[in-house]
Amino acid sequence: MTPAPWSVVYSDTGRAALSVATPTERAAILAFEGVLARDPYGPGELYPDRVGGIYTATLTVADRPAWTSVLYRVDEAAREVLIVVIVSGP
């Protein structure tokens, strides 16, 4: 039996970044959202911050690794992934 997918939600900062992403970046981010819903621990690496529990993943945009990173937090109790911020470079 396949487990139920995780919820993926955006912080205010994450929503703001998604709203100004290029169409190609937005498509990559939305595809990544589906990956997180299936396996929130698979695609990212634990980010060494003081609070703990933040993961970071670099996305591939237009078939190349891009300067687009997603920072997210996994909430086991709620089975929820919070996209905290999306960082895009030039």
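Just so we're clear, the structure is a prediction, and the values are computed from it rather than from any experiment.

Enquirer: For the pairing of strand β1 (residues 7-10), give the residues involved together with the corresponding values.
Expert: Alternating residues of β1 divide into Val-8 and Tyr-10, all buried, and Ser-7 and Val-9, none buried. The pairing of β1 with strand β5 (residues 80-88) spans four bridges and is classified as parallel. Residue pairing in the sheet places Val-9 in a bridge with Leu-82 of β5.

Enquirer: Give me the lowdown on the packing of aromatic side chains, citing residues and values where you can.
Expert: Going through the model one piece at a time under the given rule, you end up with four aromatic pairs. Centroid distance Trp-6 to Tyr-41: 6.3 Å. Interplanar angle 90°. Geometry classified as edge-to-face. Here Trp-6 is found in the segment before β1, whereas its partner Tyr-41 is found in the loop between α2 (23-38) and β2 (45-46), with 35 residues between them in sequence. Residue Tyr-41 is classed as partly exposed on the basis of its relative accessible area, which comes to 35%. Seen from their ring centres, Tyr-41 and Tyr-55 are 5.7 Å apart, and the 70° between their planes marks the pair as edge-to-face. Taken together, the residues Tyr-41 in the loop between α2 and β2 and Tyr-55 in strand β3 (residues 54-61) connect sequence positions 14 residues apart. Relative accessible area serves as the criterion here: at 15%, Tyr-55 is assigned to the buried category. Here the aromatic cluster, defined as three or more aromatic residues joined through ring pairs, consists of Trp-6, Phe-32, Tyr-41, Tyr-55 and Tyr-72.

Enquirer: Go over the side chain of Glu-25, please, and point to the residues and values.
Expert: Along the chain, the position of Glu-25 falls in helix α2. There is a polar contact of 3.0 Å between the side chain of Glu-25 and the side chain of Thr-68. Setting aside its immediate chain neighbours within four residues, Glu-25 contacts Val-61, Thr-68 and Ser-88.

Enquirer: Can you break down unusual backbone geometry residue by residue, with the values?
Expert: Positive phi values are uncommon outside glycine, yet Arg-79 reaches one of about 50°. Summarising the element assignment, Arg-79 is placed in the loop between β4 (64-75) and β5.

Enquirer: Explain the nonpolar core to me, using residue names and the numbers behind them.
Expert: Of all hydrophobic cores here, the largest spans 21 residues; its most connected members are Tyr-72, Ile-83 and Ile-86. Elements represented by at least two residues in this core include exactly β1, α1 (12-20), α2, β3, β4 and β5. If one sorts the elements of this core by residue count, α2 sits on top with five residues.

Quick notes on the rules
- Residues numbered from 1 in each chain as written.
- Predicted model: local features only at pLDDT ≥ 70, side-chain atom pairs only at ≥ 80, totals over all residues.
- Heavy atoms only, no water.
- Buried < 20%, exposed > 50% of the residue type's maximum accessible area, 1.4 Å probe, protein only.
- Helix = DSSP H or I, 4+ residues; strand = E, 2+ residues; numbered from the N terminus.
- Pairing = 2+ DSSP bridges.
- Phe/Tyr/Trp six-rings, centres within 6.5 Å; stacked < 30°, edge-to-face > 60°.
- Polar contact = N/O pair within 3.5 Å; in protein donor to acceptor, adjacent residues only side chain to side chain.
- Contact = heavy atoms within 4.5 Å.
- Core = buried A, V, L, I, M, F, W, Y, C linked by side-chain atoms within 4.5 Å.

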